[in-house]
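Summary of structural features
Chain by chain, the residues run as shown.
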Amino acid sequence: MAVTPLLEQLSTIVGEAFAQLGYPAERGKVVISTRWDLAQFQCNGAMAVAKEAKKNPLEIAEAVAKILFPDTRFARVAAVAPGFLNIDISDKFFSAHVQAMAQDEHFGGFRTDEPLNIILDYCGPNVAKPMHVGHLRSSVIGNSLYRIFKRAGHRVTSDIHLGDWGLPMGMLIAEIKRTGRTEPVTLEELEVMYPKAAAECKEDPAKLEEARAAVQALQDGNEEYRALWRHFVDVSVKKVIANLERLDIDFDLWLGESDVQNVIPPMVEELKGNGKAIASEGAWIVEVAEPTDKNEIPPMLLVKSDGAALYSTTDLATIKQRVEEYNPDLILYVVDQRQHLHFEQVFRAARKVGYAGKAKLEHKGYGTVNGKDGKPFKTRTGGVMKLEDLIQLCVDAAGQKEAAGEVNEAEAIGIAALKFADLSSTSISGYVFDVDKFVSTEGKTGPYLQYACVRVHSLMEKSDIPLGRISLTLSAERALAHMAIRFPNAMREAIDAREPSILCEFAYELAQAFSKFYAACPIAKAEDATTAASRLGLAKLVHGQISACLDMLGIRVPERM
Ligand code: ARG
């Protein structure tokens, strides 16, 4: 059984008081007070009620306070002008709640009572092209959302959606045929061959035609071409796995664009036949503009005038297939914000032609990783930064700290630095890649949180005091508890906004609150054994919550640092 979040419990109690007075119970919503020095909690519902009932807000607040006053769970309920309710709860009630959180397997974290069936499409690396800085954010944000949804009790299926089909494959096959090469190509060769072939196809229509013909033959099942393609996919996926393993990321489904290629021809026929697709200048399109659009949304291109399917066709077919196979409640795509229009078109088309089922289709975009010049991050020579090089930069920086005796486990720390930096700014804004800042053990960084977690853990291990009942008596203890009760809210907000950054912020604030608490409230040297045991219980709760947050951010905590 999950622990009902304290704010929810308080809202119910205060809501009942509003209801007793004949006002809507929702008006009893209790929030954390922004002025901790004035009150622990606050309810502003009387203001709204007064407006609706044309009454004096202060009188309503006073009436509510009067009802709540005898309830021993409250230490103080004060109506203050113009109509706020300031609420403090009793130490007994507060302590019992915090105790329940510390004993809960989820440490009071949010658990949904409506588990959704979610498909999460993220990472999306492309065959024969190196994973680059652009894939970092999709991988890290997508994987964090996966972990958050799961911890909240949703059913999530992740799909890597490999870019493993289309003209690039034709270009490579045609290039290999031209060179007459027979021995298998390596990934390094493919990574050189692809940009060369792409550039040549741009220059030379004959070569482009060869590439197109090669895709067609591949589509029609040419065995030699299939074998070449399989090989491209195999060598590329090996490298993708190696990169992702370092980032602690795995997928439930390793499907790709190629997996819906057989869905496309009948789908196109169906849409042509039922009039959902219309012919336009030799191509076939699905109109997706809506009368309420502020900006013009161009139609989704289904088939080009040369008969070729496109990126959007593949994504539409993928939705059809996912809905038929999984009947999801939500399909969430974590992809660069620059593809937003593409997804808007595909989603609208899917709903219009009836392929979306009950699924909500959603694109979670993100901004770019930038250099200190504010432009997308590049290598020193101006090339695209490969993901593996980016990872190595962070691990090397952590390695330097290790060499200086500041930390241990450079790999875990470097990766944490990179992931936390990526997750902690709101996704839609880009951020500046600043490795020295990322690996610092001070400030809002991954290593700081790892360090905080290790430190709390070692405090717990060192003490031979048995865990006791939590009893909040000092303001430093209450302040820490006041932070810990926000955990379910932080999780919930992160889920609703699809924003891991909210958890980064919460974990950071909790770690800071713990430092303050510990400075004022020693554990081993506490005045008596009961106090020590109670504080140890608080430490256990904080450790559990920080560990849970780091786990949801996909960050591993080393044994020691
Ligand atoms: N392979 C694509 C790219 O590198 C990303 C794929 C995103 N997912 C999707 N279903 N379109 O841009």
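Note: the structure precedes this text.
Throughout what follows, the structure given in this document is the object of discussion. (Residues numbered from 1 in each chain as written. Predicted model: local features only at pLDDT ≥ 70, side-chain atom pairs only at ≥ 80, totals over all residues. Heavy atoms only, no water.)

Examining the sheet that holds strand 6 (residues 155–159)
To keep things clear, this is the line we draw: In this scheme, strands are said to pair when DSSP sees at least two bridges between them. Strands here are runs of E lasting at least two residues and helices are runs of H or I lasting at least four, both read from the DSSP assignment and numbered beginning at the N terminus. Only the stretch in contact is used when a helix axis is fitted, and all axes are lines through C-alpha atoms; the angle between N-to-C directions ranges over 0 to 180 degrees. By definition, residues are in contact when any of their heavy atoms lie within 4.5 Å.
Judged by pairing direction, the sheet is parallel, and its 4 strands sit side by side in the order 6-5-10-11 without closing on themselves. Of all strands in the sheet, those with a lone pairing partner are strand 6 and strand 11 (360–364), marking the two edges. Across the sheet, the mean angle separating the axes of adjacent strands is 20° when strand polarity is ignored. Pairing geometry for strand 5 (residues 117–122) and strand 6, over 5 bridges, is parallel. The residue of strand 6 that forms the bridge with isoleucine 119 is threonine 157. Strands strand 5, strand 6, strand 10 (330–334) and strand 11 of the sheet are contacted by helix 5 (residues 133–151), whose axis makes an angle of about 165° with strand 5.

Here's the deal with the nonpolar core
The test is simple: Throughout, nonpolar core names a set of buried Ala, Val, Leu, Ile, Met, Phe, Trp, Tyr and Cys residues whose side chains join them through atoms within 4.5 Å. The buried label goes to any residue with under 20% of its type's maximum accessible area, the exposed label to any with over 50%, and the partly exposed label to all in between, with areas taken from a 1.4 Å probe on protein chains only.
Within the largest apolar cluster, 154 residues are counted, with the highest numbers of intra-cluster contacts made by Phe41 and Phe232. Sort the elements by how many residues they give to this core and helix 20 (residues 529–552) lands first, with 12 residues. When near neighbours in sequence (up to four residues on either side) are disregarded, phenylalanine 232 contacts Val127, Met169, Leu172, Ile173, Ile176, Val185 and Leu190. One finds Leu302, Leu316, Val323 and Phe347 within the second-largest nonpolar core, a separate group that totals 31 residues.

Side note on unusual backbone geometry
It is generally the case that most residues other than glycine have a negative phi and that most peptide bonds are trans. Of note, the amide linkage connecting alanine 81 to proline 82 takes the cis form, showing an omega dihedral of 0°. Assignment of secondary structure puts proline 82 in the loop between strand 3 (74–80) and strand 4 (84–89). Positive phi, normally seen in glycine, also occurs at lysine 54, with a value near 50°. If you trace the backbone, lysine 54 turns up in the loop between helix 2 (45–53) and helix 3 (57–68).

Observations regarding empty space enclosed by the protein
Once rolled over the atoms, a probe with the size of a water molecule shows which space is left empty. Which entries qualify depends on this criterion: Each cavity reported here is a set of points on a 1 Å grid over the protein atoms alone in which a 1.4 Å probe fits but cannot get out, each pocket an open set with protein on both sides within 12 Å along at least five of seven lines, and each lining residue one with an atom within 4 Å of a point. Grid points are joined across faces, edges and corners, and a volume is the space filled by probe spheres set on the points. The classification used treats Ala, Val, Leu, Ile, Met, Phe, Trp, Tyr, Cys and Pro as nonpolar, Asp, Glu, Lys and Arg as charged, and all other residues, Gly among them, as polar.
Enumeration according to the criterion identifies 2 cavities of 30 Å³ or more in this entry. Only helix 7 (187–203) and helix 9 (223–246) provide two or more residues apiece to the lining of the largest cavity. A total of 4 residues in the lining of the largest cavity trace back to one element, the largest contributor, which is helix 9. Considering only residue class, the lining of the largest cavity consists of 4 nonpolar, 3 polar and 4 charged. Of the voids in this model, the second largest cavity is the one considered here, and its volume is about 50 Å³. Residue lining of the second largest cavity: Arg246, Leu247, Asp248, Ala412, Ile415, Ala416, Lys419, Gln450, Gly554, Ile555 and Arg556, and that is the complete set. Broken down by element, the residue count for the lining of the second largest cavity peaks at 4 residues, all from helix 14 (residues 410–424). Residues belonging to the lining of the second largest cavity are distributed by class as follows: 5 nonpolar, 2 polar and 4 charged.

Let's talk about the sheet that holds strand 8 (residues 283–286)
Pairing in this open sheet of 3 strands is antiparallel, and the strands run 7-8-9 from one edge to the other. Looking at strand neighbours, the two that pair on one side only are strand 7 (278–280) and strand 9 (300–303), the edges of this open sheet. Taken over all neighbouring pairs, the strand axes of this sheet differ in orientation by 45° on average, direction set aside. Taken together, the 3 bridges between strand 7 and strand 8 define a ladder with antiparallel strand orientation. When the bridges of strand 8 are listed, alanine 279 appears paired with tryptophan 284.

Concerning the side chain of histidine 161
Structurally, the position occupied by histidine 161 is in the loop between strand 6 and helix 6 (167–179). Each residue touching histidine 161, except ones within four places of it in the same chain, is listed here: Asp121, Gly124, Pro125, Leu255, Gly256, Glu257, Asp315, Thr318 and Arg322.

Here we look at the site of the ligand
Cut-off, in case you're wondering: Residue proximity to a molecule or strand is established when one non-hydrogen atom of the residue lies within 4 Å of it. N or O atoms within 3.5 Å of each other form a polar contact, as long as, within protein, one can give a hydrogen and the other can take it, and as long as residues adjacent in sequence are counted only when both atoms are side-chain atoms.
Every residue close to the ligand is listed here: Asp121, Gly124, Asn126, His135, His161, Tyr311, Asp315, Tyr333, Val335, Gln339 and Phe343. At a separation of 2.9 Å, a nitrogen atom of the ligand approaches a polar side-chain atom of aspartate 121. Glutamine 339 has a polar side-chain atom sitting 2.9 Å from an oxygen atom of the ligand. Here the shell around the ligand is built from residues that sort into 4 nonpolar, 5 polar and 2 charged.

Some thoughts on the environment of valine 235
With respect to the helices, strands and loops of the structure, valine 235 is situated in helix 9. Along the sequence, valine 235 and leucine 187 sit 48 residues apart, while their C-alpha atoms lie 5.9 Å from each other. For valine 235, the residues in contact, after removing those within four places along its chain, are Val185, Leu187 and Leu190.

A few points about the pattern of salt bridges
Pairing of side chains with opposite charge becomes possible as their charged atoms draw close. Rules: Any Lys or Arg side-chain nitrogen found within 4 Å of a carboxyl oxygen on Asp or Glu counts as a salt bridge.
On inspection of all chains with the given rule, the structure shows 40 salt bridges. For glutamate 499, the salt bridge identified is with lysine 364, shortest N-O distance 3.0 Å. A residue pair is termed long-range when its members are at least 10 positions apart, and glutamate 499 in the loop between helix 18 (487–497) and helix 19 (500–520) and lysine 364 in strand 11 qualify at 135 residues. Each member of the pair, glutamate 499 as well as lysine 364, is classed as buried. Between lysine 372 and aspartate 434 there is a salt bridge whose closest N-O contact spans 3.9 Å. Of this pair, lysine 372 sits in the loop between strand 12 (369–370) and helix 13 (387–403) while aspartate 434 sits in the loop between strand 13 (431–432) and helix 15 (435–438), and the two are 62 residues apart along the sequence. Its relative accessible area of 67% is what places lysine 372 among the exposed residues. Through salt bridges with shared partners, a single ionic network connects Glu175, Arg178, Lys196, Glu200, Lys207 and Glu210.

A word on helix 18
To be explicit about the condition: As used here, the arc is the angular range of directions from the helix axis to the C-beta atoms.
Buried within helix 18 we find Phe487, Pro488, Ala490, Met491, Ala494 and Ile495. The arc that holds every buried residue of helix 18, seen down its axis, measures 165°, which confines them to one face. Immediately downstream of helix 18, the backbone of arginine 498 shows phi near 50°, a positive value.

Thoughts on the environment of threonine 318
For threonine 318, the position within the fold is in helix 11 (residues 311–326). Its relative accessible area of 4% is what places threonine 318 among the buried residues. When the C-alpha atoms of threonine 318 and glutamine 261 are compared, they prove to be 9.3 Å apart, with 57 residues separating the residues in sequence. For threonine 318, the contacting residues outside a window of four places in its chain are His161 and Val260.

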